[in-house]
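Residues per chain, in single letters:
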Amino acid sequence: MIERDLRALVREAVAHAHDAGDLKTAEPPLVTVEQPQRREHGDWTTNVAMTLAKVEGRKPREIADAIVKHMPQRDWVQKVEIAGAGFINFHLSNIWLHDTVSRVLELTDRFGASSEGEGTRVNVEFVSINPTGPLHLGSARNAALGDCVARLLVFHGFDVTREYYFNDTGGQMTNFGLSVAARYLELLGKPTEIPEDGYKGEYIKDYAQQILAEDGDRYKETQLEELGEIMRERAVPLVKDRIRASLEQFRVVMDVWFNERDLYEQGKVAAVIDQLEAAGYVYEKDGAKWLKATELGDSRDRVLVRSFGAKQPTYLVPDFAYHLDKASRSDQMIVVLGADHHGQGPSLKAGMQVLGVDPERIEVLIYQWVHMMRDGVEVSMGKRAGTFESLDGFVDEVGVDAARYTLVSTSSDTTLKFDVEDIKKRTLENPVYYVQYGHARIASILRHAAEQGVVEGDIVWDELREEAEIELMRAIQNFEDVVHVAMRQRAPYRVAKYAEELARHFHRFYTDCRVVTEDDKLTTARLALSRATKQVLANALGLLGVEAPERMDRDELE
């Protein structure tokens, strides 16, 4: 990447200045380069002279003079100048752009990829909602975010495992079983009240109907409590199957499906409590067992075992056991959670530290809520009440591409709010179709060239001199940095914004520059630039899990 080469160039200049006695510093501790806001200030700039001012005991501009004086020449650097208090600005020749576009054509779908994560196993656990019903729109954002983060990690060489954790024990599962039991009895003409904390959605009746169709009325005389257990055992697999199918339709394929129940059956939950007690980090208060989490950096101590009822462990204990299991088969763990779980990270890390797992191996990625409007009215998201928008329904209404793109097009740090009627519109005002149309338009251009019998010769990149051509190449060059930052920051929205920007530059190029011309050399160069743009758009869309269509009818886009 050009940033890497510029940083190396600056370090080399500093070393030369030191050898010549013009600087005390032989190796700057940090060299940053960035694109200036105004193009007249160059293509890239560095403030390295400012960072060396203290140790050198001189004005930054004097240090910049020394660095520029010893700057090695490169054919891709057209001019180096000093600006302001000591910024060093680089004006680059087009050679670096030509090299970048050539690499796109050479590397194709690997352009922008790296081997940075080679040998590092990363477990990305996401979605992981309780198996008490279908996936809803909130979990859809989790699914899209987690999957795109996984795709970015794979693109940079990490060995990624996508994992779903089924919380299939506890009170919510008991209430789920009783809710299905009530609907089952209702279908048999025996009205039964759903528990106060039960699930009232119509989907509960769907499960009951399926069980009735398969098992008949054999349970009609069974006591409610026992029937609840039976219905839980029968209905939970149905829920899990539907969740798997929903995610696959959404282009999310999990590598591991993990059941919390297995942790209890294998004695791993009880073992965690024993380990925490042996380490001296558990105390009893008011009949409950508490973790001394504040001693480990958490905001407050946490309950491990409740003081009431059957004195069952809280969610933290099986969570500790689960992460111990994950730690045995991965180097880094990323957990994608909704905003209502923002306090879970410190507690998890505190417990894992006692259990011998470096907390730095655990990263909790929090995303904010989704607010979907329909004709200006917000859709309720109450799962227990059954008033929510399912992932399946959303995908059926807007399509997988529009659904995925919408859910990752905004930073996970911010609340996502949209009107479904806007997402459904197949117009160039809808970002996903704007980007896809850019890809399809290029495919059409390439087909047209082939139909015209265009014979492409050697590429002469210097034929590309128009402003729209240069700006398009600059946009292509940015891809490597964008996807690297997006991977590091767990920010796939950056890829979406980049794809829109690249499509915008191509549409301008298409308007200003005829691709197939009477000039063979110019035609070859413009076709090559178009092909490179198409490839980068496809790479960006692939990282978002969105298709890159070869054909789209402009007339069909409203």
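Residues numbered from 1 in each chain as written. Predicted model: local features only at pLDDT ≥ 70, side-chain atom pairs only at ≥ 80, totals over all residues. Heavy atoms only, no water.

Draft legend 1. Main features of the overall build of the protein chain. For the protein chain, the count of helices and strands is 20 helices and 15 strands. A principal-axis box enclosing the C-alpha atoms of the protein chain has dimensions of 90 × 65 × 40 Å. Here the protein chain holds 558 residues, and 53% of them are scored as buried. Across the protein chain, every contact between residues at least 6 apart in sequence was considered, and the portion connecting residues at least 24 apart equals 73%. As displayed, the protein chain offers around 25,200 Å² of accessible surface, 46% of which is attributable to carbon and sulfur atoms. Separation between the mean location of the 69 positive side-chain charges and that of the 93 negative ones in the protein chain comes to 2 Å. (Helix = DSSP H or I, 4+ residues; strand = E, 2+ residues; numbered from the N terminus. Buried < 20%, exposed > 50% of the residue type's maximum accessible area, 1.4 Å probe, protein only. Contact = heavy atoms within 4.5 Å. Areas by Shrake-Rupley, 256 points an atom, 1.4 Å probe, with all protein chains shown as cover. Lys, Arg positive; Asp, Glu negative; His and termini not counted. Charge placed at Lys NZ, Arg CZ, Asp CG, Glu CD.)

Draft legend 2. Up close: the sheet that holds strand 14 (residues 377–378). Strand order in the open sheet made by the three strands is 14-13-15, with mixed pairing throughout. If you trace the sheet from one side to the other, it starts and ends with strand 14 and strand 15 (416–419), each paired once. Bridging between strand 13 (residues 370–374) and strand 15 involves four bridges; their strand directions are parallel. Paired with methionine 372 across the two strands is phenylalanine 418, which belongs to strand 15. (Pairing = 2+ DSSP bridges.)

Draft legend 3. Region of the structure containing helix 18 (residues 479–489). Along helix 18, the positions that sit buried rather than exposed are Phe479, Glu480, Val482, Val483, Ala486 and Met487. Take helix 18 and look down its axis: the buried residues cluster within an arc of 165°, on one side only. Summarising the contacts, the buried residues of helix 18 are in contact with helix 4 (95–107), helix 5 (137–155), helix 17 (467–477), helix 19 (493–512) and helix 20 (520–543). Positive phi appears at arginine 490, one or two residues downstream of helix 18, with a value of about 55°. (Arc of directions from axis to C-beta.)

Draft legend 4. Molecular detail of the sheet that holds strand 9 (residues 288–291). Taken in spatial order, the three strands of this open sheet run 8-9-10, and their pairing is antiparallel. For this open sheet the edge positions go to strand 8 (282–285) and strand 10 (302–305), each flanked by a neighbour on one side alone. Pairwise comparison of adjacent strand axes, ignoring direction, gives a mean angle of 45° for this sheet. Across the sheet, helix 11 (residues 316–327) lies against strand 9 and strand 10, angled at about 85° from strand 10, the strand it touches most. (Axes fitted to C-alpha atoms, helices over the stretch in contact; angles between N-to-C directions.)

Draft legend 5. Spotlight on the packing of helix 6 (residues 171–187) against helix 8 (residues 224–249). Taken N-terminus to C-terminus, the directions of helix 6 and helix 8 make an angle of 100°; their axes are 7 Å apart at the nearest point. In terms of orientation, helix 6 lies roughly perpendicular with respect to helix 8. Of the residues in helix 8, those touching helix 6 at Met173, Thr174, Phe176, Gly177, Leu178, Val180, Ala181, Tyr184 and Leu185 are Leu224, Glu225, Leu227, Gly228, Met231, Arg232, Ala235, Val236 and Val239. Of the residues belonging to the contact of helix 6 with helix 8, the class tally is 13 nonpolar, three polar and two charged. (Parallel < 35°, antiparallel > 145°, perpendicular 65-115°, else oblique. Nonpolar A, V, L, I, M, F, W, Y, C, P; charged D, E, K, R; others polar.)

Draft legend 6. Spatial organisation of the pattern of salt bridges. All told, the structure shown has 47 salt bridges when counted by the stated rule. Salt-bridge contacts for aspartate 392 lead to arginine 242; the nearest nitrogen and oxygen are separated by 3.7 Å. Pair noted here: aspartate 392 is in helix 13 (residues 391–398) and arginine 242 is in helix 8, with a separation of 150 residues, a long-range link. Taking the relative accessible area as the measure of exposure, arginine 242 reaches 28% and is therefore partly exposed. The partner of arginine 531 in a salt bridge is glutamate 456, and the shortest N-O contact between them spans 2.9 Å. Remark: glutamate 456 occurs in the loop between helix 16 (431–451) and helix 17 and arginine 531 occurs in helix 20; sequence separation between them is 75 residues. With a relative accessible area of 35%, glutamate 456 lands in the partly exposed category. (Salt bridge = Lys/Arg side-chain N within 4 Å of Asp/Glu carboxyl O.)

Draft legend 7. Representation of the nonpolar core within the structure. In this structure, Phe176 and Phe250 are the most contacted members of the largest nonpolar core, which totals 145 residues. When residues of this core are assigned to their parent elements, the largest contribution, eleven residues, is made by helix 5. Setting aside chain neighbours within four positions, we find phenylalanine 176 in contact with Pro131, Thr132, Tyr199, Ile204, Tyr207, Ala235, Val236 and Val239. If you look at the next biggest cluster of nonpolar residues, it comprises 27 residues, including Leu304, Leu316, Phe320 and Leu355. (Core = buried A, V, L, I, M, F, W, Y, C linked by side-chain atoms within 4.5 Å.)

Draft legend 8. View of the side chain of serine 128. Residue placement: serine 128 occurs in the loop between strand 5 (121–125) and helix 5. At 2.9 Å, the side chain of serine 128 forms a polar contact with the backbone nitrogen of tyrosine 165. Among all residues touching serine 128, those that are not within four sequence positions of it are Glu163, Tyr164 and Tyr165. (Polar contact = N/O pair within 3.5 Å; in protein donor to acceptor, adjacent residues only side chain to side chain.)

Draft legend 9. Up close: the packing of aromatic side chains. If you walk through the whole model with that rule in mind, you get 16 aromatic pairs. Taking 5.7 Å as the distance between ring centres and 40° as the angle between the ring planes, the aromatic pair formed by phenylalanine 394 and phenylalanine 418 counts as tilted. Remark: phenylalanine 418 occurs in strand 15 and phenylalanine 394 occurs in helix 13; sequence separation between them is 24 residues. Taking the relative accessible area as the measure of exposure, phenylalanine 394 reaches 0% and is therefore buried. One aromatic cluster is present, built from ring pairs that chain together Phe176, Tyr199, Tyr203 and Tyr207. (Phe/Tyr/Trp six-rings, centres within 6.5 Å; stacked < 30°, edge-to-face > 60°.)

Draft legend 10. Just the pairing of strand 8, in detail. Relative to strand 9, strand 8 is paired through four bridges, and the arrangement is antiparallel. Bridging from a neighbouring strand, tyrosine 283 pairs with tryptophan 290 of strand 9. Between the antiparallel neighbours strand 8 and strand 9 lie two residues, among them aspartate 286 with a positive phi of about 55°.

Draft legend 11. Main features of the side chain of threonine 533. Tracing the sequence through the fold places threonine 533 in helix 20. Reaching out from threonine 533, the side chain makes a polar contact with the backbone oxygen of leucine 529 at a distance of 2.8 Å.

Draft legend 12. Representation of unusual backbone geometry within the structure. At arginine 251, a residue that is not glycine, the phi angle is positive and equals roughly 65°. Assignment of secondary structure puts arginine 251 in the loop between helix 8 and strand 7 (256–259). Arginine 251 sits in the partly exposed class, given a relative accessible area of 24%. The residue arginine 490 is not glycine, and still its phi comes out positive at about 55°.

Draft legend 13. Broad picture of the packing of helix 17 against helix 19. The N-to-C vectors of helix 17 and helix 19 enclose an angle of 160°; their axes lie 9 Å apart at closest approach. Considering their axes alone, helix 17 and helix 19 lie roughly antiparallel with respect to each other. Judged by the twist between their axes, the crossing of helix 17 over helix 19 is left-handed. In this structure, helix 17 contributes Glu467, Ala468, Glu469, Glu471, Leu472, Ala475 and Ile476 to the contact, and helix 19 contributes Tyr498, Leu502, His505, Phe506, Arg508, Phe509 and Asp512. A class-by-class count of the residues in the contact of helix 17 with helix 19 yields eight nonpolar, one polar and five charged. (Left-handed = near helix turned anticlockwise from the far one by under 90°.)

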